[in-house]
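# Coordinate inspection notes
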Amino acid sequence: MNETGDMTDGASASGSAPVMAVSALNQAVARLLERSFPLIWVSGEISNFTRAASGHWYFTLKDSAAQVRAVMFKGRAQFAGFMPREGDKVEVRTLVTLYAPRGDYQLNVEAIRRAGIGNLYEAFLRLKAKLEAEGLFAPERKRPLPAFARCIGIVTSLQAAALRDILATLRRRAPHVRVIIYPTPVQGEGAALKIAQAIATAAARAECDVLLVCRGGGSIEDLWSFNDETVARTIAASPMPVISGVGHETDFTIADFAADLRAPTPTAAAELAAVAREDWLATLDGNAADLRYALTRKLSNAAQTLDWLSRRLLSPVAVIAHERLKLHSLQARLGHATRIPHTKMASALQQLRSRLRARLPDTRHARGKLDGQAHRLGACMERHASRKRQKLNALTAQLEMLNPQRTLERGYAIVTDPKGKILRAPEELKPRSGVTIRLAGGSAQVEIASVQAVLGE
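Residues numbered from 1 in each chain as written. Predicted model: local features only at pLDDT ≥ 70, side-chain atom pairs only at ≥ 80, totals over all residues. Heavy atoms only, no water.

Check the secondary structure of the protein and you find 12 helices and 13 strands. The globule rule puts the C-alpha radius of gyration for 457 residues at 23 Å, and the 58 Å found for the protein is more than 25% above it. Counting only C-alpha atoms, the protein reaches 150 × 135 × 60 Å along its principal axes. In the protein, which comprises 457 residues, the share counted as buried stands at 27%. Within the structure as shown, the protein displays about 31,300 Å² of accessible surface, and the carbon and sulfur contribution to it stands at 58%. Across the protein, the 62 positively charged side chains and the 44 negatively charged ones have centroids separated by 18 Å. (Helix = DSSP H or I, 4+ residues; strand = E, 2+ residues; numbered from the N terminus. Rg over C-alpha atoms; globule rule 2.2 N^0.38 Å. Buried < 20%, exposed > 50% of the residue type's maximum accessible area, 1.4 Å probe, protein only. Areas by Shrake-Rupley, 256 points an atom, 1.4 Å probe, with all protein chains shown as cover. Lys, Arg positive; Asp, Glu negative; His and termini not counted. Charge placed at Lys NZ, Arg CZ, Asp CG, Glu CD.)

As a working rule, side chains carrying opposite charge can pair if their charged atoms are close by. Counting across every chain of the model gives 14 salt bridges. Put simply, arginine 102 and aspartate 104 hold a salt bridge, and the shortest N to O gap is 2.4 Å. Accessibility expressed as a relative area gives 49% for arginine 102, which makes it partly exposed. (Salt bridge = Lys/Arg side-chain N within 4 Å of Asp/Glu carboxyl O.)

What follows deals with the sheet that holds strand 4 (residues 89-99). Note on sheets: strands pair through backbone hydrogen bonds, and any given pair is parallel or antiparallel. Taken in spatial order, the five strands close into a barrel running 1-2-3-5-4, and their pairing is mixed. With strand direction ignored, the average angle separating the axes of adjacent strands in the sheet is 55°. Of the pairings in the sheet, the one linking strand 1 (residues 40-51) to strand 2 (residues 57-62) comprises five bridges and is antiparallel in character. Across the sheet, the residue bridging to arginine 51 is tryptophan 57, located in strand 2. Along the sheet, helix 1 (residues 22-36) makes contact with strand 4 and strand 5 (104-114), crossing strand 4 at roughly 140°. (Pairing = 2+ DSSP bridges. Axes fitted to C-alpha atoms, helices over the stretch in contact; angles between N-to-C directions. Contact = heavy atoms within 4.5 Å.)

Spatial ordering of the open sheet is given by 7-6-8-9-10, a layout of five strands whose pairing is parallel. Bordering the open sheet on either side are strand 7 (178-183) and strand 10 (261-262), each of which pairs with just one other strand. As judged from the six bridges shared by strand 6 (residues 151-156) and strand 7, these two strands associate in the parallel manner. Across the sheet, valine 155 pairs through a bridge with tyrosine 182, a residue of strand 7. Along the sheet face, helix 5 (residues 191-205) touches strand 6, strand 7 and strand 8 (210-215) and points at about 140° away from the line of strand 7.

Two numbers describe how helix 5 lies on helix 6 (residues 229-237): the axes approach to 8 Å, and their chain directions differ by 10°. Judged by the inter-axis angle, helix 5 sits roughly parallel to helix 6. Between helix 5, through Ala192, Ile195, Ala196, Ile199 and Ala200, and helix 6, the contact on the second element is made entirely by Thr230, Val231, Thr234 and Ile235. For the contact of helix 5 with helix 6, a count of residues per class yields seven nonpolar, two polar and no charged. (Parallel < 35°, antiparallel > 145°, perpendicular 65-115°, else oblique. Nonpolar A, V, L, I, M, F, W, Y, C, P; charged D, E, K, R; others polar.)

The next point concerns the pairing of strand 6. Counting buried residues in strand 6 gives six out of six residues, a clear majority hidden from the surface. The two faces of strand 6 match: Cys151, Gly153 and Val155 on one face and Ile152, Ile154 and Thr156 on the other face are all buried. What joins strand 6 to strand 7 is helix 4 (residues 161-173), and the crossover it makes is right-handed. Summarising the sheet, strand 6 and strand 8 pair through four bridges and their orientation is parallel. Residue pairing across strands places isoleucine 152 opposite valine 210, the latter belonging to strand 8. (Right-handed = clockwise from strand over helix to strand, strands pointing away.)

Regions with low pLDDT should not have their predicted coordinates read in detail. With 94% of its residues at a pLDDT of 70 or more, the protein shows a mean pLDDT of 85. Under a pLDDT of 50 for its full length, residues 1-14 has, in the predicted model, 13 contacts with residues more than four places off or in other chains. (pLDDT = per-residue confidence, 0-100.)

Once that is clear, we can look at a nonpolar patch on the surface. A cluster of nonpolar side chains, Met20, Leu25 and Val29, forms an exposed patch at the surface whose accessible area comes to about 250 Å². Along the chain, leucine 25 falls in helix 1. (Patch = residues over 30% accessible without salt bridge, like charges linked within 9 Å, V, L, I, M, F, W, Y side chains within 5 Å.)

Our focus in this paragraph is the pairing of strand 8. Within strand 8, six of the six residues are buried, leaving the element largely enclosed by the surrounding structure. Two elements, strand 8 and strand 9 (residues 242-246), share five bridges in a ladder whose sense is parallel. When the sheet's bridge partners are listed, cysteine 214 is paired in strand 9 with glycine 245.

What follows concerns a positive patch on the surface. A cluster of basic residues, Arg383, Arg387, Lys388 and Lys391, forms a positive patch on the protein surface. Tracing the backbone through its elements, the reader meets lysine 391 in helix 11 (residues 364-401).

Attention now goes to the packing of aromatic side chains. Throughout the structure, instances matching the rule amount to four aromatic pairs. Taking 5.5 Å as the distance between ring centres and 70° as the angle between the ring planes, the aromatic pair formed by phenylalanine 49 and tryptophan 57 counts as edge-to-face. By the burial criterion, phenylalanine 49 is buried, and tryptophan 57 matches it. Aromatic ring contacts, followed pair by pair, group Phe49, Trp57 and Phe59 into a single cluster. Geometry around phenylalanine 257 places lysine 128 over its ring, the cationic atom sitting 4.9 Å from the centre. (Phe/Tyr/Trp six-rings, centres within 6.5 Å; stacked < 30°, edge-to-face > 60°. Lys NZ or Arg CZ within 6 Å of the ring centre and 35° of its normal.)

Position of valine 68 among the secondary structure elements: in strand 3 (residues 67-72). Look at valine 68 and you get buried, because its relative accessible area is 12%. Taking the C-alpha atoms as reference, valine 68 lies 10.0 Å from serine 47; in sequence the two are 21 residues apart. Contact partners of valine 68, with chain neighbours within four places excluded, come to Phe59, Thr60, Leu61, Tyr105, Gln106 and Leu107.

This part is about the nonpolar core. Grouped together as the largest cluster of nonpolar side chains are 32 residues, with contacts concentrated most on Val155, Tyr182, Ile199, Leu211 and Ile235. Elements that contribute at least two residues to this core include exactly helix 3 (118-133), strand 6, strand 7, helix 5, strand 8, helix 6, strand 9 and helix 7 (254-258). Ranked by the residues each element gives to this core, the list is headed by helix 5, at six residues. In contact with isoleucine 235, other than residues within four places in its own chain, are Arg143, Ile199, Val242, Ala255, Ala258 and Ala259. (Core = buried A, V, L, I, M, F, W, Y, C linked by side-chain atoms within 4.5 Å.)

In structure tokens:
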């Protein structure tokens, strides 16, 4: 029995079945759940979503009848691709388990995606994020539409109802605009490649001022050809502005983001591509009226200015004479202004020179005294050097007297053993041993025949 009174091992007080601890029970249940339920996909609505400081996600997954706690650890959450919000419909790939410390049944989420759209929407988001990171959707890359389009290209299917709507709109608004159709399938297998080829053909032929890429509404599968990376890059590389009019107002495709302008519908794309002829005519009439008014006003202002200038116009001779008088006056002022500072500066310089001469000291006596001291110093140094030379000569003579070579020259010799040790006493000599005798003129190797010690007195 442990300190809390629970029996963890052995039998109960009655000696029947063993008793399990709560922690052991929860761990066993957790293992049972994990073995019984493999990784499965579960759909539901996000509730009570919390992102902890550690990076883990905690939330509740619920539907209309039930709810379950869920956790997605940081290592998995960082690859989710989006941040869930309250009320989001999602699908999670999860392991069913139990949080042993609290005894709560929960889902350990391995992957998460938005529900209802599935893999297609996930692919759409991944491609959108990739191209956006490359700057393919940057606003500064977008090109403005031409103010007056003379030719409009259309990339769509010949059987599409959207084509009839576009042609009807252009016929009504701008019958003077030439239209070129670049036919292509807009859905089905291989449609994306053919759409990109049609756009590339229009770009290579360079016949149009603006290009419409259109089709009618449909499901995400029907519009999927316009979510192709090749289509998006071909649109972005087009030399002419591109208007995307795919699906209905609520439909968005990758082509919409890559195009220079997105229209909510194919009909709206046609309206954006060509301004109505009536609007142009009304604008021209207004501009003509504004031009006439501006020209009339400019002529009136010019006439008034001419009258004002004619009243101010003077005789050139009078103007030249007046300017000559101004020039003479300025010349006199300039000469006066330059003479006065020069005179003042010359006077100040003369005063400074007088003050400097008055304050200069007489250095003749000091210079003579300095020359005498220099002469005495030279004589003193010469005497000191003479004494040092005499002392050096004496020391040199003493050193020469102590030179061993001079001693050898007087008939003496130096005896050393084979190791070079100088031998001074007879005891250090041994019969039949070799010694070296150094004389004044060289050295000799001799062998000792016998050794005789000189007895003292």
